[in-house]
Each structure stands twice: as structure tokens, then as C-alpha cells.
Amino acid sequence: MSLPPWDSIVWWEIRRIPFNLVLLATGLLTIFIILTVAKSLSGQAGNEYPTPYILVPIVLYGFAANIFYTLGWITELLWSAGDTARTAPLRRRVFRLGLIGSTALTLLPAGLAGLIWLAAHIHA
């Protein structure tokens, strides 16, 4: 039985909000870790906050993540040649892999900051 193309679009778009919430949570964790490590390494004790310019790359990253998310249903439509019944069984797996990859990419700067902090304390 053939499924219409909009079936794929609806399936992916329903999951966009949970995808963004996961990236928001991991992004906030990454920002917290980076700022904590930066403060620790600089020796500052005050409550100084970074300039608003730090928001520019964060917003751009969120925008790029959503463009790549949209590629989920676009590529499905291309792979299925319009008959999404052919690709529907793969959706959950593709979504999970994309979410895992996006989460790992979002946490990567935090991991690097942690390694920098560790290296600084080993050499101290």
C-alpha cells in the first residue's frame, strides 16, 4: 500500500519539537561546562557574564541543526520516489541516529573544554 508524501513530512515535523528540546538541554549543559571551565582556568571569582555576542554562534547552530533536521523528510521523499511506504520502516532508526549524532556534536565542545581543564590541572 502506498503512502502519500505528506505522511513523511508530518511524521518528521511532529518530532521536531522533542529534537529541539534535546538539543536545547545538551546545548545549555555545554554552555555551562564551557563557562565553568573558562572561569576556572582564568581564575576569576566574580559573576561576569560573557558578551551578548556569544549568542550569535548559538543561534546559528540552532538554525543549522534545524536545516539538517529538515533533510530527514526531504531525503526520505527522494529515497522513496514519493511512495513513503518504502521508507517508513526506516524512519525511527534514521531519527535516532540523527538525534544521537546531533547530541554528540552539541556536547563535543563541552568534552573538549573538559579535556582542556584536565590537561591544565595535570600540568599544574
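The structure reproduced in this document is the subject of the present report. (Residues numbered from 1 in each chain as written. Predicted model: local features only at pLDDT ≥ 70, side-chain atom pairs only at ≥ 80, totals over all residues. Heavy atoms only, no water.)

## Topic: the pattern of salt bridges
For the structure shown, the criterion picks out three salt bridges. Between arginine 91 and aspartate 7 there is a salt bridge whose closest N-O contact spans 2.7 Å. Separated by 84 residues along the polypeptide, arginine 91 in helix H4 (residues 91-122) and aspartate 7 in helix H1 (residues 5-14) bring together distant segments of the chain. The class for arginine 91 is buried, based on a relative accessible area of 5%. With its nearest N and O atoms 2.7 Å apart, the salt bridge here joins arginine 91 to glutamate 76. With arginine 91 in helix H4 and glutamate 76 in helix H3 (residues 55-80), the pair connects residues that are 15 residues apart, well separated along the chain. Judged on exposure class, the residue arginine 91 and its partner glutamate 76 are both buried. Sharing partners across several salt bridges, the network here consists of Asp7, Glu76 and Arg91. (Salt bridge = Lys/Arg side-chain N within 4 Å of Asp/Glu carboxyl O. Helix = DSSP H or I, 4+ residues; strand = E, 2+ residues; numbered from the N terminus. Buried < 20%, exposed > 50% of the residue type's maximum accessible area, 1.4 Å probe, protein only.)

## As for helix H2 (residues 16-42)
Given a rise of 1.5 Å per residue, 27 residues ought to cover 39 Å, and the 38 Å separating the end C-alpha atoms of H2 matches this to within 8%. In this structure, the buried side of H2 is in contact with H1, H3 and H4. (Expected span 1.5 Å × (residues − 1). Contact = heavy atoms within 4.5 Å.)

## Notes on unusual backbone geometry
Peptide bonds are trans in most cases, and residues, glycine excluded, mostly fall at negative phi. Positive phi values are uncommon outside glycine, yet alanine 81 reaches one of about 55°. Structurally, the position occupied by alanine 81 is in the loop between H3 and H4. On the basis of relative accessibility, which here comes to 65%, the residue alanine 81 falls in the exposed class.

## Details of the packing of H1 against H3
It is at 9 Å that the axes of H1 and H3 come closest, and there the two elements cross at 160°. When the axis of H1 is compared with that of H3, the two are roughly antiparallel. In terms of crossing hand, the pair formed by H1 and H3 is right-handed. Here Pro5, Ser8, Ile9, Trp12 and Glu13 of H1 lie close against H3, whose contacting residues are Tyr69, Gly72, Trp73, Glu76 and Leu77. (Axes fitted to C-alpha atoms, helices over the stretch in contact; angles between N-to-C directions. Parallel < 35°, antiparallel > 145°, perpendicular 65-115°, else oblique. Left-handed = near helix turned anticlockwise from the far one by under 90°.)

## What about H4?
Between its first and last C-alpha atoms H4 spans 45 Å; for 32 residues at 1.5 Å apiece the expected length is 46 Å, and the two agree. Along its length, H4 reaches its greatest deviation from straightness, about 35°, at leucine 107, and the proline proline 109 lies no more than four positions downstream. Within the sequence span of H4, burial applies to Arg91, Phe95, Leu99, Ser102, Thr103, Thr106, Ala110 and Ala113. Looking at the packing, one finds that the buried side of H4 touches H1, H2 and H3. (Bend = angle between axes of the 7 residues up to and from the residue.)

## Concerning the packing of H3 against H4
Contact geometry for H3 and H4: axes closest at 11 Å, N-to-C directions at 165°. With respect to each other, H3 and H4 are oriented roughly antiparallel. The two elements H3 and H4 cross, and the hand of that crossing is right-handed. Counting all contacts with H3, which are made through Tyr61, Tyr69 and Glu76, the residues of H4 involved are Arg91, Phe95, Ser102, Leu105 and Thr106. Tallied by class, the residues present in the contact of H3 with H4 amount to four nonpolar, two polar and two charged. (Nonpolar A, V, L, I, M, F, W, Y, C, P; charged D, E, K, R; others polar.)

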